[in-house]
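Listed here are the chains, written in short residue letters.
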Amino acid sequence: MAMGMTTQSQTQFHVLAVDDSLIDRKLIEKILKTSSYQVTAVDSGSKALEFLGLNDENIDNEDEDEDDQQVGVNLIVTDYCMPGMTGYDLLRRIKQSSSSKDIPVVIMSSENIPSRINRCLEDGAEDFFLKPVQLSDVNKLRPHLMKGIGSEETQSNINKRKSMEDIHPPDRTRARYNELEVV
């Protein structure tokens with residue numbers, strides 16, 4: 001039975017939710033948990049960086065934190081308008097870090113400002129959601145989470161195919177079927 005629980009925790013995606021508004025933070029957390037995501041919620045960009053091991057004090061130790069962080073967070077969902085560090089600032093810091101640049105980031109905002117949305121998307125955000133975030137928005141997250149996993153699976157399948165070709169070279173397996181007639 002313990003084995004089943006381990007499998008479930010390995011396949012559960014971990015989302016870091018960042019929002020200064022307690023109500024919005026609780027809403028996104030509830031929706032994500034309803035969709036079977038593991039959620040860590042923080043109330044500022046600086047706390048998000050600290051959670052990721054990217055705060056100013058740990059910049060020199062970034063390489064040490066890389067393994068912990070990459071196993072821990074599969075996606076970051078952040079509010080755009082926050083005091084101190086905006087969601088856009090957080091996005092830029094994440095994308096500038098060698099250890100976190102591959103983590104998908106989704107920005108959310110209650111303001112529908114096309115220039116802001118375009119700037120976030122051009123600088124590396126995977127998506128931009130208008131608040132209040134709804135379950136249909138959360139359903140759009142899975143493809144972003146699958147990007148990294150899909151490329152690993154693809155590479156794994158390519159490697160399996162190569163190893164099969166080593167065992168059964170293509171020319172040898174095709175030779176067996178040369179005498180078949182088309183009816």
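Keep in mind the model is a prediction, meaning the values are calculated, not measured.

Colleague: Just to check I follow, could you spell out the overall build of the protein for this structure?
Modeller: Each helix and strand in the protein was counted, giving nine helices and five strands. Along the protein, from the amino end to the carboxyl end, the secondary structure elements read α-β-α-β-α-α-β-α-β-α-β-α-α-α. Expressed as a percentage of the 183 residues in the protein, the buried residues total 36%. The long-range share in the protein, meaning contacts at least 24 apart out of those at least 6 apart in sequence, stands at 65%. Total accessible area computed for the protein in this model is approximately 11500 Å², and 50% of it derives from carbon and sulfur atoms.

Colleague: Honestly, the environment of Val-73 in this entry has me stumped. Any pointers?
Modeller: Relative to the assigned elements, Val-73 resides in the loop between helix H4 (62-72) and strand S3 (75-79). Exposure remark for Val-73: the relative accessible area of 4% places this residue in the buried category. For the pair Val-73 and Val-15, spaced 58 residues apart in sequence, the C-alpha to C-alpha distance is 5.9 Å.

Colleague: Hey, could you run me through the packing of aromatic side chains in this one?
Modeller: Each aromatic ring pair is described using two quantities: the centre-to-centre distance and the angle formed by the ring planes. This model, assessed by the stated rule, comprises one aromatic pair. Ring geometry for Phe-13 versus Tyr-37: centroids 6.5 Å apart, planes at 40°, classification tilted. With Phe-13 in the loop between helix H1 (2-11) and strand S1 (14-18) and Tyr-37 in the loop between helix H2 (22-34) and strand S2 (38-42), this pair connects stretches of sequence that are 24 residues apart. Looking at Arg-119, its charged tip hangs above the ring of Tyr-88, at a distance of 3.9 Å from the centre.

Colleague: What exactly am I supposed to notice about the pattern of salt bridges here?
Modeller: Side-chain pairs of opposite charge can arise whenever the charged atoms involved come near each other. Evaluation of the coordinates by the stated rule reveals nine salt bridges. The partner of Asp-19 in a salt bridge is Lys-131, and the shortest N-O contact between them spans 2.7 Å. Residue Asp-19 is located in the loop between S1 and H2, and its partner Lys-131 is located in the loop between strand S5 (127-130) and helix H7 (135-139); the two are separated by 112 residues in the primary sequence. For Asp-19, a relative accessible area of 0% gives the class buried. With a relative accessible area of 15%, Lys-131 lands in the buried category. With a closest N to O distance of 3.7 Å, Lys-140 and Asp-137 form a salt bridge. Put simply, Asp-19, Asp-24, Asp-79 and Lys-131 are held in one network by salt bridges that share partners.

Colleague: Would you mind showing me how to read the pairing of S2 here?
Modeller: Moving residue by residue along a regular strand, the side chains alternate between the two faces of the sheet. Note: S1 against S2, five bridges, orientation parallel. Bridge pairing in S2 places Val-18 opposite Val-42. Viewed along the sheet, the connection from S1 through H2 into S2 turns out right-handed.

Colleague: Can you help me understand the nonpolar core in this one?
Modeller: In this structure, Leu-16, Val-18, Leu-52, Ile-76, Ile-107 and Cys-120 are the most contacted members of the largest nonpolar core, which totals 23 residues. Those elements that provide at least two residues to this core are S1, helix H3 (45-52), helix H5 (87-96), strand S4 (105-109) and helix H6 (114-122). By residue number, the principal contributor to this core is H5, which donates four residues. Setting aside chain neighbours within four positions, we find Leu-16 in contact with Thr-40, Val-42, Ala-48, Phe-51, Leu-52, Val-73, Leu-75, Ile-76 and Val-77. In terms of nonpolar packing, the next biggest core, distinct from the first, is built from 17 residues, Val-15, Leu-32, Leu-75 and Val-133 among them.

Quick notes on the rules
- Residues numbered from 1 in each chain as written.
- Predicted model: local features only at pLDDT ≥ 70, side-chain atom pairs only at ≥ 80, totals over all residues.
- Heavy atoms only, no water.
- Helix = DSSP H or I, 4+ residues; strand = E, 2+ residues; numbered from the N terminus.
- Buried < 20%, exposed > 50% of the residue type's maximum accessible area, 1.4 Å probe, protein only.
- Contact = heavy atoms within 4.5 Å.
- Areas by Shrake-Rupley, 256 points an atom, 1.4 Å probe, with all protein chains shown as cover.
- Phe/Tyr/Trp six-rings, centres within 6.5 Å; stacked < 30°, edge-to-face > 60°.
- Lys NZ or Arg CZ within 6 Å of the ring centre and 35° of its normal.
- Salt bridge = Lys/Arg side-chain N within 4 Å of Asp/Glu carboxyl O.
- Pairing = 2+ DSSP bridges.
- Right-handed = clockwise from strand over helix to strand, strands pointing away.
- Core = buried A, V, L, I, M, F, W, Y, C linked by side-chain atoms within 4.5 Å.

In short, geometric facts, not functional conclusions.
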